[in-house]
Amino acid sequence: MLTTVPLHSPDFYAGDPYPAYRELRATTPVVYNDVTNFWALLKYEDIRYVSSHPQLFSSTKGITIPDPDQPEPVQEGALIFTDPPRHRQLRKLINTAFTRRQVALLEPKVRQIVYGIFEEVKSGSVQEFAESFAAPLPTRMIAELLGASPDDWERFRRWSDACTGTADPEIELDAMEAIGELFEYFQQLIADRRNEPRNDMMSVLAHAEVDGARLSDEDLLNFAFLLLVAGNETTRNLIALGTLALIEHPEQRQKLIDNPALIPNAVEEMLRYTSPVTHMARHATEDVEIRGQLIRKGETVVMLYGSANRDEEIFGDDAEEFNVERNPNPHIAFGCGEHSCIGAQLARLEARVFFEVLLGRYPKLELVGDVDRMRATMVPGVKRMPVRMEAGV
Ligand code: HEM
């Protein structure tokens, strides 16, 4: 079944896709886009099925909505672009740096960065929230994880924008050029850590060994690059859109001000409600049927997380509502199955600390202008969001 909903268009995701999702879930939950040629899945259970059958739905040929004008730069051999058994092996090695314990150790660092970000904000001032608050934390954390010098934070930021916002006219640096610069930078970093391990993630990974296997220089390079793209814009978008949800729902915000212990639960709801990563894609490795619809070998299947996360069959009649007390909340904003987000605990930690400090210091938040979004199908980040921030009484 074909759809006229522009599911291939960055503008669609930068706007409000939810009414169209609801309609499609009810009418054509497995639907074909013949502009750039892919199947879209709208239902939660279908997305879980695809994510947990990597032998039927491969990640090796690309993971984003096809765009003939900007072919996806598939990073062959990088974790997110591999299938089992190679994926399992790589993931085990990389997991050594992402255990719960390793991530918990990062909390003081996260707190220090967040305090720094809020340091000189005057109560009552209007701030460019996306740029000044949502952006710095994820970039600095990744720079920190990789052990890069704080002097390089701005360059990290530019590279990441170029890699994720390729369809946005404001992003000038060509994506391939950015990747080239980035690889060169990381090559040096890896060589340094191989020779002289320090107390950072790149050093852990450079010396990790599981079942006799180790990560090659190429694996490390691929991973460093992936981290920058996967962990940066995504978390930034969660912080910006999560803040927007709190501004638009003052009664929910008040619950968190009255009871900050609710913040971890609220972060889960922000993830569900805003779905910072709109989709991931797969390619069918053989003919397969979903909800009676034949998907042929080689065709692209796009999993729309934002739709799954508001599927009334899973989240009930209030699926469209923002409710910081929602429980249970089995959202799949971090994906699910084989490739589920390896950085989920880190993103949760960053968001929790960020909102604790934000609401603790500036409980009065007001949007004082338009929200401008990035033109990108996968992570349509917030570019501009003017917010007045005021201390409480
Ligand atoms: C709110 C923030 C984040 C969101 C919404 C998010 C979302 C996702 C999603 C949906 C996937 C699934 C990919 C797939 O199934 O093909 C994924 C994978 C991944 N994420 Fe995240 N992510 C976030 C933050 C992070 C952070 C902070 C890092 C690292 C520091 C990270 C690193 C990765 C990596 C390496 C993968 C690939 C895992 C694999 O292929 O096995 N992400 N993420």
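Here, every reference points to the structure presented above.
Residues numbered from 1 in each chain as written. Predicted model: local features only at pLDDT ≥ 70, side-chain atom pairs only at ≥ 80, totals over all residues. Heavy atoms only, no water.

Caption draft 1: Structural context of the site of the ligand. For the ligand, the set of nearby residues contains 26 residues, the closest of which are His-87, Arg-91, Arg-282, His-339 and Cys-341. Here His-87 contributes a side-chain N or O atom positioned 2.7 Å from an oxygen atom of the ligand. In this structure, His-339 approaches the ligand through a side-chain N or O atom, which is 2.6 Å from an oxygen atom. Of all the secondary structure elements, the ones that give two or more residues to the shell around the ligand are helix H4 (86-95), helix H12 (217-231), helix H13 (233-248), strand E7 (279-284) and helix H18 (344-361). (Near = heavy atom within 4 Å. Polar contact = N/O pair within 3.5 Å; in protein donor to acceptor, adjacent residues only side chain to side chain. Helix = DSSP H or I, 4+ residues; strand = E, 2+ residues; numbered from the N terminus.)

Caption draft 2: Main features of the packing of aromatic side chains. Applying the stated criterion across every chain yields a total of 16 aromatic pairs. Seen in terms of ring centroids, Phe-129 and Phe-354 are 6.1 Å apart; in terms of plane orientation they differ by 85°. Their pairing is edge-to-face. Within this pair, whereas Phe-129 is found in helix H7 (residues 129-134), its partner Phe-354 is found in helix H18, the two being separated by 225 residues in sequence. In terms of burial, Phe-129 and Phe-354 fall into one category: buried. One residue, Arg-272, lies across the ring of Phe-315, its end atom 5.3 Å from the ring centre. Lying over the aromatic face of Tyr-273, Arg-310 brings its terminal NZ or CZ to 4.2 Å of the ring centre. (Phe/Tyr/Trp six-rings, centres within 6.5 Å; stacked < 30°, edge-to-face > 60°. Buried < 20%, exposed > 50% of the residue type's maximum accessible area, 1.4 Å probe, protein only. Lys NZ or Arg CZ within 6 Å of the ring centre and 35° of its normal.)

Caption draft 3: Quick look at the nonpolar core. The biggest cluster of nonpolar side chains holds 116 residues, and the ones touching the most others in it are Phe-156 and Met-389. Ranked by the residues each element gives to this core, the list is headed by H18, at 11 residues. Counting 16 residues, the second-largest nonpolar core is a separate cluster that includes Tyr-18, Val-31, Val-302 and Leu-304. (Core = buried A, V, L, I, M, F, W, Y, C linked by side-chain atoms within 4.5 Å.)

Caption draft 4: A look at the pairing of strand E10 (residues 300-304). Most of E10 is tucked away: five of the five residues are buried. The alternating pattern of E10 places Thr-300, Val-302 and Leu-304 on one face and Val-301 and Met-303 on the opposite face, and all of these are buried. Here three bridges tie strand E2 (residues 38-41) to E10, and the two strands are oriented parallel to one another. Pairing of Trp-39 across the sheet is with Val-301, part of E10. (Pairing = 2+ DSSP bridges.)

Caption draft 5: Seen up close, the pattern of salt bridges. Throughout the structure, instances matching the rule amount to 28 salt bridges. We note a salt bridge from Glu-107 to Arg-352, for which the minimum N-O separation is 2.8 Å. Within this pair, whereas Glu-107 is found in helix H6 (residues 107-118), its partner Arg-352 is found in helix H18, the two being separated by 245 residues in sequence. Ionic contacts of the salt-bridge type, sharing partners, join the residues Arg-22, Arg-25, Arg-310, Glu-312 and Glu-320 into one network. (Salt bridge = Lys/Arg side-chain N within 4 Å of Asp/Glu carboxyl O.)

Caption draft 6: Here's a closer look at empty space enclosed by the protein. Scanning the model with the defined rule gives one cavity of 30 Å³ or more in all. As a volume, the largest cavity reaches approximately 30 Å³. As for the largest cavity, its lining consists of Gly-77, Ala-78, Leu-79, Leu-90, Ile-94, Asp-219, Asn-222, Phe-223 and Leu-226. Those elements that place two or more of their residues in the lining of the largest cavity are H4 and H12. (1 Å grid on protein atoms, 1.4 Å probe; cavity = no way out; pocket = protein on both sides within 12 Å on 5 of 7 lines; lining within 4 Å. Points joined across faces, edges and corners; volume = space filled by probe spheres on them.)

Caption draft 7: Molecular detail of the environment of His-339. The topology assignment puts His-339 in the loop between helix H17 (312-315) and H18. Distance from His-339 to Ala-351, taken between C-alpha atoms, is 21 Å for residues 12 residues apart in sequence. With residues near it in sequence (within four places) discarded, His-339 still touches Ser-59, Leu-79, Ile-80, Thr-82, His-87, Arg-91 and Arg-282. Engagement of the side chain of His-339 in a polar contact is seen with the side chain of His-87, the distance being 3.2 Å. (Contact = heavy atoms within 4.5 Å.)

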